[in-house]
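Letter by letter, the chains look like this.
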Amino acid sequence: MSGVRAMSPDDVPAVGRLFNRVFRGRDAPAGDDFEAYFTELSFGSPAYRPELGGIVHEGADGRIGGAIGVVPMQVRAGERLLTGRLMSIYMTDPLAPGRGGAELVLTIRPRNQDFCFCDSANAVSADHYRAIGGLVLPIQSLAWHRTFRPARTMVERAAPRLPAPVRDVGATVAAPADAILRQVKRSLRHGETDGGLEAVDAEGFADVAPRLLDRFAVAPAWSRAELAWIIGMAQRNTLHGPLQLHTVRNELWEVIGAVAFYGGKGRIAQVLNILAEPKAEAKVLAAVLAHLDAIGCAGATGMAQPFLMDALCRQPHVTFRHRGFVCLSTRHHDIREAALAGDIYLGGLMGESWSRLLSDFR
């Protein structure tokens, strides 16, 4: 009989081929690299349990016609510890239409979920969440952008579509152009010092990040084991540069924030997480942006967060655009209320923007 069931490691080759067909436009095996990565992503988390993992739709002929990849993640809601489910990919076989897609979507109805979310849904998936009674969070669905070097930013954004020689010429021309632009328009240069940032390893980040999340009614409950696993997975993605972790300190050398980002000289830094003590958001954001400018980044981008919006809007050359819908499905009324009030922390390491599935395995 056909129907929905839990995903098992034995399903990975079929799911990989389906991934290629749906997202990469080719009907071919996904390869050993994909299969090893997807297996670790789907089954390797310390929070993994079969009943909270990925799901597939199996046809009567035994073929996998649809799948939802899931990464279990621990969530704190008030004093409760829940296992959330990050929906990393949703796909149905275009060559095998049927009810498989609808049956997969119905499994994430709020009445079935403690905490089910996605931070990069497209419009169709967002409509599915709304149809089953879930929420779409508008602020977190935006990306913020801060430009430091406009010419290099243009080159970086166009780079995926340009031949290598053209990219190299563009990068060469961008440097003197940006030097002139930054001299004429001094607001492009971030005037704050970046002396408040201190590089840390995964252990050092784990020492401070949970405390900085206490301000939220609903937030990731990062144990050391889980956070170490997520950071380890995030370090495998080097498309935008190496993963960097820092704490942010004030004049008294007290930790008031933390940041995780991908970036380097000439790149557009991909900011995964900015954490800050209450009332220190502006100081933390200024220190982070000053550091990214100082190391030569062309610009920076990250997920908008309600608690960070006032600080972001006070920065020059910051713009906002849609990045992908952030969706939530839960049966708990207090979590819904916290989400609607902006008293929730999602995104970055508590999301999938670090996953290689978004842009790798081409």
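Overview of the structure. (Residues numbered from 1 in each chain as written. Predicted model: local features only at pLDDT ≥ 70, side-chain atom pairs only at ≥ 80, totals over all residues. Heavy atoms only, no water.)

### Let's talk about the packing of helix 1 (residues 12-24) against helix 2 (residues 32-43)
The following threshold applies: Axes here refer to lines fitted to C-alpha atoms; in helices the fit is confined to the stretch in contact. Angles between the N-to-C directions go from 0 to 180 degrees. A run of DSSP states H or I qualifies as a helix once it reaches four residues; a run of E qualifies as a strand once it reaches two. Both are numbered from the N-terminal end. An angle counts as roughly parallel when it lies under 35 degrees, as roughly antiparallel when it exceeds 145, as roughly perpendicular when it falls between 65 and 115, and as oblique in every other case. By the convention used here, residues are in contact when the closest approach between their heavy atoms is within 4.5 Å. Three residue categories are used. Nonpolar comprises Ala, Val, Leu, Ile, Met, Phe, Trp, Tyr, Cys and Pro, charged comprises Asp, Glu, Lys and Arg, and polar comprises the others, including Gly.
With their axes 10 Å apart at the nearest point, helix 1 and helix 2 run at an angle of 110° to one another. Judged by the angle between their axes, helix 1 and helix 2 are roughly perpendicular. When helix 1 is examined against helix 2, the residues V12, P13, V15, G16 and F19 are found in contact with a partner set consisting of F34, E35, F38, T39 and F43. Of the residues assigned to the contact of helix 1 with helix 2, the class counts are seven nonpolar, two polar and one charged.

### Notes on the pattern of salt bridges
The condition that has to hold: The salt bridge definition used is simple: a Lys or Arg side-chain nitrogen within 4 Å of an Asp or Glu carboxyl oxygen. We call a residue buried when its accessible area falls under 20% of the maximum for its residue type, exposed when it is over 50%, and partly exposed in between, using a 1.4 Å probe and counting protein chains only.
Under the definition given, this model contains 22 salt bridges. Here D93 makes a salt bridge to R21, at a shortest N to O gap of 2.6 Å. Placement of D93 in the loop between strand 4 (80-92) and helix 3 (100-106) and of R21 in helix 1 is noted, with a sequence separation of 72 residues between them. Exposure class is identical for D93 and R21. Each is buried. Residue D310 is joined to R314 by a salt bridge in which the shortest nitrogen-to-oxygen separation is 2.8 Å. The structure contains a network of salt bridges with shared partners spanning R17, R21, D27, R63 and D93.

### Some details on unusual backbone geometry
Not every positive phi belongs to a glycine, and W253 is a case in point at roughly 65°. Relative to the helices and strands, W253 resides in the loop between strand 10 (243-249) and strand 11 (255-262). For W253, a relative accessible area of 45% corresponds to the partly exposed category. The phi torsion at H317 lies on the positive side, around 60°, for a residue other than glycine. When you line up the elements, H317 lands in the loop between helix 10 (309-313) and strand 14 (318-322). Of the residues examined, H317 reaches a relative accessible area of 26% and is grouped as partly exposed.

### Side note on the sheet that holds strand 11
Worth spelling out the cut-off: In this description, strands pair whenever DSSP reports at least two bridges between them.
Strand order in this open sheet of seven strands is 8-10-11-12-13-7-14, and the pairing throughout is mixed. Looking at which strands have only one partner, the edges of the open sheet turn out to be strand 8 (197-199) and strand 14. Strand-to-strand, the axes of this sheet are offset by a mean angle of 30°, without reference to chain direction. Pairing between strand 7 (residues 142-147) and strand 14: five bridges, direction antiparallel. Across the sheet, residue W144 finds its bridge partner in strand 14, namely F320. Sitting on the sheet, helix 7 (residues 202-212) touches strand 10, strand 11 and strand 12 (268-276), and the angle it makes with strand 11 is about 120°.

### Notes on the pairing of strand 7
The side chains of a regular strand alternate, first on one face of the sheet and then on the other. Sheet topology places strand 7 next to strand 13 (residues 299-303); five bridges connect them, and they run antiparallel. Bridge pairing in strand 13 links H145 to T301.

### Topic: the environment of G257
Structurally, G257 can be placed in strand 11. With 27 residues separating them in the primary sequence, G257 and V284 have C-alpha atoms 6.0 Å apart. Leave out the neighbours within four places in its chain, and G257 touches L212, T247, V248, L275, A276 and V284.

### Some points on the side chain of S88
Summarising the element assignment, S88 is placed in strand 4. In this structure S88 touches G69, V70, V71, E352 and L357, once residues within four positions along its chain are discounted.

### Examining the nonpolar core
As a reminder of what qualifies: Residue types Ala, Val, Leu, Ile, Met, Phe, Trp, Tyr and Cys, when buried and joined through side-chain atoms within 4.5 Å, form a set referred to as a nonpolar core.
Ranked by internal contacts, the top residues of the largest apolar core, which has 91 residues, are F205, W222, L349 and W354. Per-element tally for this core: the top contributor is strand 11, with seven residues. Non-local contacts of F205, meaning those with residues more than four positions away in its chain, are made with V200, P210, W222, L227, I231, L245, A258, V259, A260 and L349. Counting residues in hydrophobic clusters, the runner-up holds 15 residues, among them I55, C116, I132 and C327.

### A short note on helix 11 (residues 333-340)
Basically, it comes down to this: By arc we mean the arc of the directions from the helix axis to the C-beta atoms, nothing more.
Listed as buried for helix 11 are I335, A338 and A339. One face of helix 11 carries all of its buried residues, which in axial projection span an arc of 100°. Across helix 11 from its buried face, at more than 90 degrees, point the exposed residues H333 and L340. In this fold, the buried residues of helix 11 make contact with strand 3 (64-77), strand 4, strand 6 (135-137), strand 9 (218-220) and strand 15 (325-329). Looking one or two places after helix 11, you find G342, whose phi comes out positive at around 80°.

### Focus on the packing of aromatic side chains
Heads up, the rule is: Geometry of aromatic contacts follows a simple scheme: Phe, Tyr and Trp rings, the Trp one being its six-membered ring, pair when their centres are within 6.5 Å, and the pair is stacked under 30 degrees between planes, edge-to-face over 60, tilted otherwise. We call a charge positioned over a ring when the NZ of a Lys or the CZ of an Arg lies within 6 Å of the ring centre and within 35 degrees of the ring normal.
Applying the stated criterion across every chain, the model contains ten aromatic pairs. With centroids separated by 5.8 Å and ring planes inclined at 50°, the aromatic side chains of Y37 and F361 adopt a geometry described as tilted. You can see Y37 sitting in helix 2 and its partner F361 sitting in the segment after helix 11, a full 324 residues away along the chain. Residue classification places Y37 among the buried residues on the basis of a relative accessible area of 1%. Between the aromatic rings of F216 and Y345, the centroid separation amounts to 5.4 Å while the plane-to-plane angle is 55°, which identifies the pairing as tilted. Note that F216 is positioned in the loop between helix 7 and strand 9 and Y345 in the segment after helix 11, a separation of 129 residues in sequence. Of the two residues, F216 and Y345, both sit in the buried class. Each member of the aromatic cluster is reached from another via a ring pair, and the members are F19, F23, F34, Y37, F38 and F361. In this structure, R356 packs its charged tip against the face of Y37, placed 5.0 Å from the ring centre.

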